[in-house]
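# Examining the three-dimensional arrangement
These are the residues of each chain, in order.
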Amino acid sequence: MILDSLLPATASTYASQIDQLFDVITVLVGIPFVIACSLFFSFIFRFKKKEGKPALYITGNEHQYTKWIHGAHVPILLFDVVIVVMAVNVWYTIKQDLPEANSTVRVIAQQWAWTFVHPGPDNVIDTADDITTINELHVAKDTLYHFKLESKDVLHNFSVPVFRLKQDAIPGRVITGWFEPTVTGEHDIQCAEICGIGHGLMPARIIIESPLQNAAWAQENSPLAIAAASESESESESKSEQESEQELAAR
Amino acid sequence: MSTRPIATTRSAAGIPTARLAVWWIISSEIVIFGGLLGAYIMHRLAHGIWADYAANTNTMIGATNTFVLLTSSLFAVLAHQAAEKGDGPKAANFLYLTTLGGLIFLCIKAYEWNYEISHGMTITSNTFWSFYYTAAGIHASHVIAGMIIMLFVARTAKKNLELQRVEIIGLYWHFVDVVWIFLFPLLYIAK
Amino acid sequence: MAELIPVEHADGHEGHAEHHEMSFTAKYIFPLDHKMIGMQYMFTGMFMAVIGGFFAYAFRMQLAFPGMSVPGWGEVTPAAYNSLVTNHGTIMIFWVAMPVLIAAFGNYLIPLMIGADDMVFPKINRLSYQIFLLSSFVILSAFFVEGGAFGGAWTAYPPLSTKAEYNLTGLGSTIWITAVFLEFVAFLLGGINFITTAMNSRAPGMKMWDVPMIVWMIVIASILFMLSVGPLLAGGIMMIFDQNLGTAFFDPDRGGDPILWQHLFWFFGHPEVYVVLLPAVGIVAEVITTFSRKKLFGYRTVLYTAIGTGVLSFTVWAHHQFIAGIDPRMANVFTVTTLLISVPIAEMMFVYIATLYGGSITLTTPMLWALSFIFEFLIGGITGIFLGASGNDIYMHDTYFVLAHFHYTFYPIAIIGTYAGFTYWFPKMFGRMMDDRLGKLHFWLTIIPFNLIFLPLFVLGAAGQHRRIYNFENYPELSLPWMQDLRQIATISLCVMLGAQLIFFYNVIKSWTSGPIAPKNPWQANTLEWTAASPPPHGNWPEGLPTVYRGPYEYSHPDRKGSDFWPQDEPA
Ligand code: HEA
Ligand code: HEA
Ligand code: CUA
Ligand SMILES: [Cu+2]
């Protein structure tokens with residue numbers, strides 16, 4: 001309720017789970033907070049200094065008073081348990097569980113750009129028809145993706161707010177995670193871990209299309225398809241683009 | 001008239017203030033070495049190949065140094081005993097012997113490092129050697145610090161002054177010794 | 001070498017030889033008197049707070065009005081933005097919160113409150129301050145070297161912080177870690193003093209449970225600090241070696257592990273937040289009991305919750321690393337421990353609220369500060385729960401929600417808590433009363449803007465705004481008009497708040513020079529410092545040190561007729 005009213009979209013299978021968790025936590029910490037605050041302010045006003053009305057002498061050992069304080073443990077612990085159970089549940093879904101993928105993309109972070117390797121028309125990564133793009137990730141709706149996240153230099157963080165997804169990229173490691181887009185649209189990808197001077201200059205876009213559109217895009221942009229096509233302006237253009245990308249990737 | 005703060009003469013906890021302080025120093029030092037060695041152990045477990053690197057350390061030299069340090073600790077105990085009996089000059093002599101032990105330790109260490117470095121095993125060779133030199137180096141700097149303080153303490157003890165300091169520096173020296181007892185198996189024996 | 005000194009001066013032999021006619025240098029530049037050292041810490045911390053506040057002003061202006069030339073700074077380039085944020089965070093925590101809350105109040109108050117004439121190791125005390133002062137120069141010097149100050153965030157994650165080709169600040173990163181290292185050494189030395197003094201030098205008759213809460217809290221905080229900082233000191237050495245000797249502790253290309261630093265940092269970093277929290281709640285305990293004329297509700301409860309929080313704080317560090325690439329199963333453990341911390345802290349806050357019950361409350365300036373601490377900290381605390389819930393932190397991590405969370409904890413601690421203590425003990429420290437009307441004006445003009453700065457940042461954080469980004473125009477979803485409006489509200493509020501600090505400085509100078517002379521015990525409080533002259537002379541009680549007959553919070557005791565307080569040193 002709260003998060004999805006602030007964000008442009010709720011675009012992954014698990015995004016609404018996080019939104020729900022956020023709402024539940026808001027309520028569960030809100031209740032004790034409101035009670036504590038109302039007591040707090042009412043005490044301040046009720047017990048303002050008045051002539052001839054001395055303060056009470058309470059040591060804090062009297063059962064009649066302590067039962068209120070100690071009694072509060074019970075609901076707080078209970079609320080904690082609820083929050084933990086829900087949080088662990090969400091966590092498990094997103095980070096621990098790795099459902100079978102329909103497709104895999106490689107996400108490579110570096111100072112200060114994103115390289116995305118799409119599997120191409122054959123839907124298999126690391127083959128000749130892989131499509132490499134910079135700062136633009138193309139995915140299909142209702143398709144379960146694995147992402148393989150790497151970094152070439154320092155820590156970065158692959159963050160897709162509409163998916164409510166975040167994962168640090170660590171040089172020397174390949175971290176696998178998953179997402180499944182549920183609505184089409186074009187949204188921000190952000191780098192959410194400080195990575196040097198250009199950290200604020202590492203935006204990318206995620207383009208979620210219908211599976212058909214996505215397939216068409218893959219068909220059109222696959223390096224094989226481009227090579228097979230007869231010479232044309234667009235070809236040489238995309239080639240040089242491709243080359244510069246490879247250069248970047250080799251850095 | 002020398003007025004020391006009355007605060008320093010009190011002992012509400014029943015433990016002399018100086019001893020209390022040295023225990024606190026030791027516990028914060030334990031955490032320093034704990035962090036370092038904990039990190040080392042985690043790496044060691046994760047990289048089987050480190051055993052091969054560790055094979056290049058000289059267990060004989062390590063063992064000798066352990067012996068040297070343990071002996072010097074013994075002198076520190078003797079110094080404490082002498083101080084308890086009020087025999088300042090004797091305590092001072094034992095402290096000098098302890099310092100000598102530290103010096104021998106450092107000389108052996110210098111020989112060892114010299115050999116290793118000249119054979120291409122330097123602090124940048126790989127992470128094992130980085131840990132090796134860092135851990136032993138931090139320990140050696142504690143040995144040096146301990147020796148310097150010890151010389152000061154011995155100087156006053158010789159005049160039969162401030163004998164309670166002998167125990168304090170002894171405690172610290174034992175701690176330095178114990179750190180080595182941890183370093184020795186971790187760096188030299190586990191292969 | 002740190003270890004040297006206690007042994008060297010173990011008995012403070014030469015201690016107070018310079019009793020008579022101390023020269024200016026002996027009294028003000030190289031003092032041994034705990035009060036003067038406390039003041040040195042206080043004013044150094046205040047100076048650093050102004051610098052940290054100025055940095056916040058510079059980068060917040062850039063966020064609200066991107067690309068503008070900020071008056072007093074100039075254009076905020078991406079590199080400058082990063083180093084401003086980094087040094088703002090570092091300075092506020094290590095050069096403001098720590099020195100003021102622990103060292104300044106600790107040095108000033110511990111001997112006075114336990115009825116001693118000084119610290120047990122005056123010379124270590126002086127050395128501690130000198131190392132601290134040196135470290136302040138070191139951290140600031142980075143702004144004047146080639147390449148500028150370090151900009152890799154106050155957490156200094158490698159490889160960014162270890163490789164100059166990545167952080168592009170050359171010397172800056174080494175200066176940063178060196179300064180932090182020195183600062184830690186200074187506080188280890190100071191901590192030894194606080195702990196041993198409080199344990200050993202209590203006045204005759206003062207039992208464990210008669211020690212005022214602030215003293216307990218500073219001692220517990222010092223212990224926490226000593227037990228948690230070690231790994232980071234080791235890590236600091238490793239980082240300096242990585243930067244300058246070419247080792248590869250944190251370099252994944254050559255067999256190192258960048259995550260190792262994160263563990264070493266947060267193993268210290270989380271206890272550290274309670275290191276600064278505890279002294280602040282200690283101050284609040286003193287102030288609210290005095291101004292509600294009530295005994296602290298459950299003295300031991302507060303103590304046990306503080307100790308419980310301290311112990312638990314060692315088990316939660318990885319909640320900062322949920323999505324940093326640690327084993328995902330570990331996150332479950334750390335979620336549980338993190339949420340458990342809410343239990344002792346909630347209890348502590350409830351105890352404070354309960355202390356107000358049945359009181360006779362006067363809303364003086366210090367009382368307003370102390371009360372607002374409780375309220376604002378509750379907001380900071382409950383928002384920590386959102387972050388501790390691992391599933392939610394996947395989204396929340398490194399957003400401004402985190403930022404607002406910790407400003408709602410740190411600000412109450414470092415600024416509100418400090419103001420509470422400062423205004424409360426001002427009569428004791430300077431021998432004059434502070435102007436209450438100006439004080440209240442300053443209070444309201446600080447507390448309202450404070451909320452107006454950080455409440456919008458909660459909203460922005462929930463909307464996905466990330467930290468350490470110098471210009472949100474590059475992110476279409478973060479540069480919506482309503483977001484920019486909130487940013488401007490925050491920045492303008494900050495300017496108002498900074499302006500309001502001038503009232504404070506004016507009030508301090510005016511009251512110090514021409515305020516009404518303060519009596520010994522202007523607040524009619526019980527603790528021992530109020531039985532010394534205002535300000536206390538060298539040696540605190542030249543007429544003889546006090547003896548203690550009862551606990552510190554015996555207000556409105558039924559056996560005591562004719563007055564609602566009962567000083568600790570008054571024979572029964
Ligand atoms: C003094 C400062 C301080 C304090 C006291 C706290 C207190 C807490 N903090 Fe905070 N924290 C920071 C300073 C502080 N923190 C800083 C500086 C960072 C960011 C570092 C960085 O990345 O730069 C941070 C970041 C941070 C994170 C990491 C976020 C991220 O980067 O992804 C987390 C996650 O668990 C967290 C949790 C908590 C919790 C659970 C508490 C608890 O102690 C709070 C407990 C208090 C309460 C809960 C309130 C009282 C209770 C009630 C009113 C009852 C109701 C409660 C329930 C029903 C549960 N904090
Ligand atoms: C104690 C800690 C503390 C305090 C008090 C503050 C105070 C403030 N902070 Fe800071 N902040 C941090 C700790 C703190 N901060 C940390 C750790 C970070 C993270 C850094 C990083 O990412 O690496 C951060 C980052 C940070 C950012 C994030 C930047 C980014 O990520 O891009 C922002 C943005 O708005 C911000 C704003 C502010 C503002 C407006 C204040 C204002 O409240 C400041 C106003 C200042 C004053 C009001 C000072 C007045 C005091 C006096 C005049 C002296 C009184 C003294 C005595 C009596 C002794 N801070
Ligand atoms: Cu990449 Cu921040
Ligand atoms: Cu934490």
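As the structure is a computational prediction, the values presented were derived from the model and not from experiment.

This part covers the confidence of the model for chain C. All names here are of chain C. Looking at chain C, pLDDT values average 90 and 95% of them are 70 or higher. Counting contacts from residues 1-20, a segment whose pLDDT is below 50, to residues more than four positions away or on other chains yields 54 contacts. Both scores are available for the predicted complex, with the pTM at 0.92 and the ipTM at 0.91.

Here we take up helix 3 (residues 59-84) of chain B. All names here are of chain B. Between its first and last C-alpha, helix 3 extends 37 Å over 26 residues, near the 38 Å set by a 1.5 Å rise per residue. On its buried side, helix 3 packs onto helix 4 (88-118), helix 5 (127-158) and helix 6 (164-189). Here helix 3 starts with a cap whose side-chain oxygen sits 3.0 Å from the backbone nitrogen of Met60, and that cap is Asn58. Gly86 sits one or two positions beyond helix 3 and adopts a positive phi of about 85 degrees.

All names here are of chain C. Lining the immediate environment of ligand 2, one finds 35 residues, of which Arg60, Tyr81, His88, His407 and Arg468 sit closest. Arg60 is positioned with one of its side-chain polar atoms (N or O) 2.6 Å from an oxygen atom of ligand 2. A distance of 2.8 Å separates a nitrogen atom of ligand 2 from a polar side-chain atom of His88. Only helix 3 (34-64), helix 4 (78-114), helix 15 (400-430), helix 16 (436-462) and helix 17 (481-514) provide two or more residues apiece to the shell around ligand 2. The element that contributes the greatest number of residues to the shell around ligand 2 is helix 15, accounting for ten residues. For the shell around ligand 2, a count of residues per class yields 26 nonpolar, six polar and three charged.

Further remarks concern the interface of chain A and chain C. Counting residues at the interface gives 86 residues for chain A and 94 residues for chain C. With both chains or domains summed, chain A and chain C bury close to 7500 Å², and 71% of this area falls on carbon and sulfur atoms. The closest approach of N and O atoms between C:Asp257 and A:Arg173, which form a salt bridge, is 3.4 Å. Listing elements by their share of the side of chain A that touches chain C, those giving two or more residues are helix 1 (2-6), helix 2 (15-46), helix 3 (63-71), helix 4 (73-96), strand 6 (156-160), strand 7 (165-169) and strand 9 (185-191) of chain A. Here the element with the most residues in the side of chain A that touches chain C is helix 2 of chain A; it accounts for 15 residues.

Before going further, it helps to examine the sheet that holds strand 5 (residues 145-151) of chain A. Residue and element names in this part refer to chain A. Judged by pairing direction, the sheet is mixed, and its five strands sit side by side in the order 3-2-1-5-8 without closing on themselves. Two strands close off the open sheet at either side, each with one partner strand: strand 3 (131-134) and strand 8 (175-179). Direction aside, neighbouring strands of the sheet carry axes that sit 25 degrees apart on average. Relative to strand 8, strand 5 is paired through five bridges, and the arrangement is antiparallel. Bridge assignment links Lys148 to a residue of strand 8, and that residue is Thr176.

Take unusual backbone geometry next. Here the amide bond leading from C:Pro158 into C:Pro159 is cis, since omega sits at 5 degrees, within 30 degrees of zero. Mapped onto the elements, C:Pro159 comes out in the loop between helix 5 (122-141) and helix 6 (164-167). C:Pro535 follows C:Ser534 through a cis peptide bond whose omega is -10 degrees. Mapping C:Pro535 onto the fold places it in the segment after helix 17. Look at B:Glu162: it is not a glycine, yet its phi comes out positive at around 50 degrees. Of the residues examined, B:Glu162 reaches a relative accessible area of 17% and is grouped as buried. In this structure, C:Arg468 takes a positive phi of about 60 degrees despite not being glycine. One can find C:Arg468 in the loop between helix 16 and helix 17.

At a closest axis distance of 9 Å, the pairing of helix 2 of chain A and helix 13 (residues 365-388) of chain C adopts a crossing angle of 170 degrees. Taken as axis vectors, helix 2 of chain A and helix 13 of chain C run roughly antiparallel relative to one another. In this structure, helix 2 of chain A contributes A:Phe22, A:Ile25, A:Thr26, A:Val29, A:Phe33, A:Ala36, A:Cys37, A:Phe40, A:Phe41 and A:Ile44 to the contact, and helix 13 of chain C contributes C:Leu371, C:Ile374, C:Phe375, C:Leu378, C:Ile379, C:Ile382, C:Ile385 and C:Phe386. Here the contact of helix 2 of chain A with helix 13 of chain C is built from residues that sort into 17 nonpolar, one polar and no charged.

Moving on: the interface of chain C and chain B. Quite often, the size of an interface is put as the accessible area lost when its parts meet. On the chain B side, the residues contacting the 57 residues of chain C number 49 residues. Approximately 4300 Å² of surface area, both sides summed, lies buried where chain C meets chain B, with 69% of it carried by carbon and sulfur atoms. The interface formed by chain C and chain B holds zero salt bridges in total. In this structure, the connection of chain C to chain B is made through nine residue pairs in polar contact (both at pLDDT 80 or more). Looking at the side of chain C that touches chain B, the elements with two or more residues in it are helix 1 (4-8), helix 7 (172-200), helix 8 (213-244) and helix 9 (258-292) of chain C. Looking at which element gives the most residues to the side of chain C that touches chain B, the answer is helix 8 of chain C, with ten residues. Class assignment for the residues of the side of chain C that touches chain B results in 33 nonpolar, 16 polar and eight charged.

C:Tyr274, C:Asp393, C:His397, C:His405 and C:Arg467 are the nearest of the 34 residues found near ligand 1. Proximal residues around ligand 1 fall on chains A and C, making this an inter-chain site. The backbone of C:Gly388 places a nitrogen or oxygen atom 3.1 Å from an oxygen atom of ligand 1. Side-chain polar atom of C:His405 to a nitrogen atom of ligand 1: 3.0 Å apart, as the coordinates give it.

Residues A:Trp114, A:Phe158, C:Phe105, C:Met213, C:Tyr352 and C:Phe373 are the most contacted members of the largest nonpolar core, which totals 345 residues. Ranked by the residues each element gives to this core, the list is headed by helix 4 of chain C, at 23 residues.

Our next topic: helix 5 of chain B. Residues and elements named next belong to chain B. Across its 32 residues, helix 5 extends 46 Å between first and last C-alpha, which sits within 8% of the 46 Å expected from 1.5 Å per residue. With a side-chain oxygen lying 3.0 Å from the backbone nitrogen of Phe128, the N-terminal cap of helix 5 falls on Asn126. Among the residues trailing helix 5, Asn160 stands out with phi positive, at a value near 65 degrees.

Each value, and the rule that gives it
Residues numbered from 1 in each chain as written. Chains lettered and ligands numbered in written order. Predicted model: local features only at pLDDT ≥ 70, side-chain atom pairs only at ≥ 80, totals over all residues. Heavy atoms only, no water. pLDDT = per-residue confidence, 0-100. Contact = heavy atoms within 4.5 Å. Helix = DSSP H or I, 4+ residues; strand = E, 2+ residues; numbered from the N terminus. Expected span 1.5 Å × (residues − 1). Polar contact = N/O pair within 3.5 Å; in protein donor to acceptor, adjacent residues only side chain to side chain. Near = heavy atom within 4 Å. Nonpolar A, V, L, I, M, F, W, Y, C, P; charged D, E, K, R; others polar. Buried area = accessible area lost by both parts, 1.4 Å probe. Salt bridge = Lys/Arg side-chain N within 4 Å of Asp/Glu carboxyl O. Pairing = 2+ DSSP bridges. Axes fitted to C-alpha atoms, helices over the stretch in contact; angles between N-to-C directions. Buried < 20%, exposed > 50% of the residue type's maximum accessible area, 1.4 Å probe, protein only. Parallel < 35°, antiparallel > 145°, perpendicular 65-115°, else oblique. Core = buried A, V, L, I, M, F, W, Y, C linked by side-chain atoms within 4.5 Å.

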